[in-house]
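Below, each chain spelled out in residue letters.
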Amino acid sequence: MLACSSSSSDSDNNSIASQEKNDEMLDVANEIASEHVQVMTDRDDWFLENMHSYGALFLGPRTNVSNGDKVIGTNHTLPTKKAGRYTGGLWVGKYLKTHSYQKITTDEAAVKIGRYCSRLCMLESFVGHAEQANIRVRRYGGEDVPYGKAAQ
């Protein structure tokens, strides 16, 4: 028998669950998406590899929530109320500005991507976006794509 105890800083969101198998317990733990998750099994690393919804994970009998909150963890600002399903705890990366960029480097790629983009945009009724793609299909592929129509 495996037991899962989840706790939150919000006392109304504490829970205990028990299951017969590790994969069943994993499903329950991921559904609960607790702020703190303590795992003490003979398969701690398996839970580490397979869990995806938690604020902070504490593995093994030597590790505990208090140590993580106060000494060895990143901090004590963790997601509550199942927010662990889509975000993690506060860390320095939350304050760093990130950038992404895209660059199409060949005419052939511009045409191929442009066709896909044009069709997708027209399916969503984004004619202006489709026209941006169609311009590239015309310019780099020599194709006659009418305004407001999807490239083929």
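Heads up: the structure comes first, above all this text.
These figures come from a predicted structure and were not determined experimentally.

Visitor: Go over the environment of A17 with me, naming the residues and quoting the values.
Guide: With respect to the element layout, A17 can be found in strand β2 (residues 15-19). Along the backbone, A17 and I32 are 15 residues apart, and their C-alpha atoms lie at a distance of 9.7 Å.

Visitor: Could you give me a rundown of the side chain of D44, with the residues and numbers involved?
Guide: Here D44 lies in helix α2 (residues 44-50). We note that D44 is buried and unpaired, the nearest opposite charge coming from R62 at a distance of 7.7 Å. Ignoring anything within four residues of it in the chain, the contact list for D44 reads V39, L59 and G60.

Visitor: I'd like to hear about the pattern of salt bridges, residue by residue, with values.
Guide: Applying the stated criterion across every chain yields a total of 2 salt bridges. One salt bridge in this structure joins R138 and E131, with 2.7 Å as the shortest N-O distance.

Visitor: Now, about the packing of aromatic side chains: what can you tell me, with residues and values included?
Guide: In total, this model carries 1 aromatic pair according to the counting rule given. Measuring from ring centre to ring centre gives 5.0 Å for W46 and F47, while their planes differ by 90 degrees; the resulting arrangement is edge-to-face.

Visitor: Give a description of a nonpolar patch on the surface that names residues and reports values.
Guide: A cluster of nonpolar side chains, W91, V92 and L96, forms an exposed patch at the surface whose accessible area comes to about 350 Å². Mapped onto the elements, V92 comes out in the loop between α3 (65-72) and α4 (107-123).

Visitor: Explain the packing of α4 against helix α5 (residues 127-141) residue by residue, including any values.
Guide: The angle between the axes and the distance between the axes are what describe a pair of packed helices. Between α4 and α5, the least distance of the axes is 8 Å, while the angle of their chain directions is 155 degrees. Between α4 and α5, the crossing angle belongs to the class labelled roughly antiparallel. Relative to α5, α4 is oriented so that their crossing is left-handed. Between α4 and α5, the contacting residues are D107, A110, V111, G114, R115, C117, S118, C121 and M122 on the first element and V127, H129, A130, A133, N134, R136, V137, Y140 and G141 on the second. Taken together, the residues of the contact of α4 with α5 break down into 10 nonpolar, 5 polar and 3 charged.

Visitor: An account of the pairing of strand β3 (residues 36-39) is needed here, citing residue identities and associated values.
Guide: Relative to strand β4 (residues 56-59), β3 runs parallel, the two sharing 4 bridges. Opposite V37, over in β4, you have L57 as the bridge partner.

Visitor: Can you lay out the nonpolar core for me, pointing to particular residues and giving the numbers?
Guide: Within the largest apolar cluster, 11 residues are counted, these being A17, M25, L26, V28, A29, I32, V37, V39, F47, M51 and L57. In this structure L57 touches V37, V39, L48 and M51, once residues within four positions along its chain are discounted.

Visitor: Could you give an account of the environment of L78, with specific residues and numbers?
Guide: Along the chain, L78 turns up in the loop between α3 and α4. On the accessibility criterion, L78 (13% relative accessible area) is buried. When the C-alpha positions of L78 and Y54 are compared, they lie 8.8 Å apart, and in sequence the two are 24 residues distant. Excluding anything up to four places from it in sequence, L78 contacts E35, H36, G55, A56, D69 and G89.

Visitor: Describe a negative patch on the surface, and please don't skip the residues or the numbers.
Guide: Residues E20, D23, E24 and D27 make up a contiguous surface patch of negative charge. Counting through the fold element by element, D23 comes out in helix α1 (residues 22-32). Judged by relative accessible area, D23 falls into the partly exposed class, the value being 43%.

The rules behind the values
- Residue positions within a chain follow its written sequence, with the count starting from 1.
- Local features in this predicted model are restricted to residues of pLDDT 70 or higher, and side-chain atom pairs are both shown and tallied only at a pLDDT of 80 or more, whereas totals for entire chains, interfaces and linings draw on every residue.
- In computing side-chain values, all of the structure's heavy atoms are included and hydrogens and water are not.
- Secondary structure is summarised from DSSP: a helix means a run of H or I of at least four residues, a strand means a run of E of at least two, and numbering begins at the N terminus for each.
- Each residue is assigned to one of three classes by its accessible area relative to the maximum for its type, calculated with a 1.4 Å probe on protein chains only: buried under 20%, partly exposed between the two thresholds, exposed over 50%.
- Positive charge is attributed to Lys and Arg, negative charge to Asp and Glu, and no charge count is given to His or to the chain ends.
- By convention in these notes, a salt bridge is any Lys or Arg side-chain nitrogen within 4 Å of a carboxyl oxygen on Asp or Glu.
- Contact definition: two residues touch when any of their heavy atoms are within 4.5 Å.
- Side-chain rings of Phe, Tyr and Trp, where Trp is taken by its six-membered ring, are said to pair if the distance between their centres is within 6.5 Å; with planes under 30 degrees apart they count as stacked, over 60 as edge-to-face, and otherwise as tilted.
- Patch construction takes residues with relative accessible area above 30% that form no salt bridge. Like charges are linked within 9 Å, and nonpolar side chains (Val, Leu, Ile, Met, Phe, Trp, Tyr) are linked within 5 Å.
- Only the protein chains shown count as cover for residues, and the accessible areas themselves come from Shrake-Rupley with a 1.4 Å probe.
- Lines fitted to C-alpha atoms define the axes here, with helix axes fitted over just the stretch in contact, and angles between the N-to-C directions of these axes take values from 0 to 180 degrees.
- Roughly parallel refers to an angle under 35 degrees, roughly antiparallel to one over 145, roughly perpendicular to one between 65 and 115, and oblique to any angle outside these ranges.
- Put simply, a crossing is left-handed when the front helix is turned counterclockwise from the back one by less than a right angle, and right-handed when it is turned clockwise.
- Residue type decides the class: Asp, Glu, Lys and Arg count as charged, Ala, Val, Leu, Ile, Met, Phe, Trp, Tyr, Cys and Pro as nonpolar, and the leftover types, Gly among them, as polar.
- Pairing between two strands is assigned when DSSP locates at least 2 bridges connecting them.
- To define a nonpolar core, start from buried Ala, Val, Leu, Ile, Met, Phe, Trp, Tyr and Cys residues and group those joined through side-chain atoms within 4.5 Å.
- Charged groups are reduced to one reference atom each: NZ for lysine, CZ for arginine, CG for aspartic acid, CD for glutamic acid.

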